[in-house]
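Reading the structure
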Amino acid sequence: MIKVFEKIKDIRAFVESAKREGKSVGFVPTMGYLHEGHLSLVRCARSENDVVVVSIFVNPTQFGPSEDYKDYPRDMERDISLLENEKVHAVFAPDVKEMYPEETLTTIHVEKLTEHLCGAKRKGHFDGVCLVVSKLFNIVNPDRAYFGKKDYQQYRVIERMVRDLNFPISVVPCPIIREEDGLAASSRNIYLSEKERKDATCLYKSLRLADKLIKNGEYNTKRIIDAMKEFIMGFESVRKIDYIEIVDKYTLEPVSEIKGRELIALAVYVGKARLIDNMEVQI
Ligand code: PAF
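Described below are features of the structure shown in this document.

Criteria and cut-off values
- Residues numbered from 1 in each chain as written.
- Predicted model: local features only at pLDDT ≥ 70, side-chain atom pairs only at ≥ 80, totals over all residues.
- Heavy atoms only, no water.
- Disulfide = S-S within 2.5 Å.
- Buried < 20%, exposed > 50% of the residue type's maximum accessible area, 1.4 Å probe, protein only.
- Helix = DSSP H or I, 4+ residues; strand = E, 2+ residues; numbered from the N terminus.
- Pairing = 2+ DSSP bridges.
- Axes fitted to C-alpha atoms, helices over the stretch in contact; angles between N-to-C directions.
- Contact = heavy atoms within 4.5 Å.

Some remarks on the state of the cysteines
Inspection of every chain in the model, using the stated rule, returns zero disulfides. Here cysteine 130 stays unpaired: no disulfide links it, and the sulfur of cysteine 118, its closest cysteine neighbor, is 14 Å away. Overall, the relative accessible area of 0% leaves cysteine 130 in the buried class.

Quick notes on the environment of threonine 104
Among the secondary structure elements, threonine 104 is positioned in the loop between helix H4 (96–99) and helix H5 (117–121). Along the backbone, threonine 104 and glutamate 77 are 27 residues apart, and their C-alpha atoms lie at a distance of 30 Å.

Examining the sheet that holds strand E1 (residues 3–5)
The strand order across the open sheet built from six strands is E1-E4-E3-E2-E5-E6, with neighbouring strands paired in parallel fashion. One side of each edge strand has no neighbouring strand; the edge strands of this open sheet are E1 and strand E6 (170–174). With direction set aside, neighbouring strand axes in the sheet form an average angle of 25°. Pairing of strand E2 (residues 25–30) with strand E3 (residues 51–56), which is carried by six bridges, proceeds in the parallel orientation. Its bridge partner being in E3, valine 25 is matched across the sheet by valine 51. Running over the sheet, helix H3 (residues 76–85) touches E1, E3 and strand E4 (90–92) and is turned about 165° from E3.

Focus on the sheet that holds strand E8 (residues 262–270)
Judged by pairing direction, the sheet is antiparallel, and its three strands sit side by side in the order E7-E8-E9 without closing on themselves. Lying at the two open borders of the sheet, with one neighbouring strand each, are strand E7 (238–248) and strand E9 (273–280). On average, adjacent strands in this sheet sit at an angle of 15° to one another, irrespective of strand direction. Bridge analysis of E7 against E8 gives nine bridges, and the strand direction is antiparallel. Pairing of isoleucine 241 across the sheet is with valine 268, part of E8. The sheet contacts of helix H10 (residues 221–232) involve E7 and E8, and relative to E7 the element is tilted by about 160°.

Now the structure itself:
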């Protein structure tokens with residue numbers, strides 16, 4: 001039977017008791033409204049640990065003032081039943097007061113890795129992510145923590161924060177989970193109308209186009225990006241391309257030429273949903 005904890009002291013006691021029994025603890029932090037992407041992280045955590053803890057917390061500090069914090073989809077009952085099916089041991093689902101009982105005066109800012117991609121477009125977003133993830137790491141104290149590569153920049157930022165701050169935790173990246181037509185699984189897909197849902201495949205299709213160009217010998221990143229832009233703007237429901245960037249996948253710095261260690265990443269507004277996707281370049 002899955003255990004649901006709302007209080008920090010209770011999840012701490014649960015994990016401490018598992019650890020006293022010599023059990024390893026895997027942790028999947030989420031903002032809820034779970035989909036196949038989250039469940040794939042949970043399955044990976046289950047296969048590598050004795051005990052799996054999932055957190056469900058829509059973290060206000062990672063949303064900008066004009067972003068969708070209030071509207072972010074929530075369905076705790078459904079989430080818990082999905083996690084119960086996956087045989088997760090415990091859920092940590094605190095309320096905002098439990099996580100932020102007073103004004104937070106501490107900032108965690110990872111430099112350089114946050115300068116481009118979503119970091120450039122969502123000012124302060126990764127500071128909010130780093131703050132909540134480090135709080136959750138200190139609360140849950142897991143051995144391993146699982147992050148999806150759909151949020152590739154988030155994965156790299158957390159990996160670096162863990163290294164810089166000596167958290168005794170292994171960060172495990174997991175592959176992007178896609179729908180049959182290629183759309184990356186995301187809680188925000190719920191915002192899409194039927195037509196927008198169809199057009200939302202343009203993100204993945206544009207990555208496939210880039211892959212094809214590279215395989216045909218096009219290594220100039222500006223030309224690849226221009227071709228992706230032109231392709232995406234042909235879809236009626238696309239409101240705006242927030243960015244398309246080709247960066248070194250370790251430093252996340254833009255590059256002008258493909259060398260085989262790049263990430264192609266993009267964010268596109270389809271209807272009111274801001275969707276992201278990416279692909280690691282293979283040559
Ligand atoms: O990826 C997410 O859902 C969130 O950014 C995370 C890691 C749970 C922190 O709120």
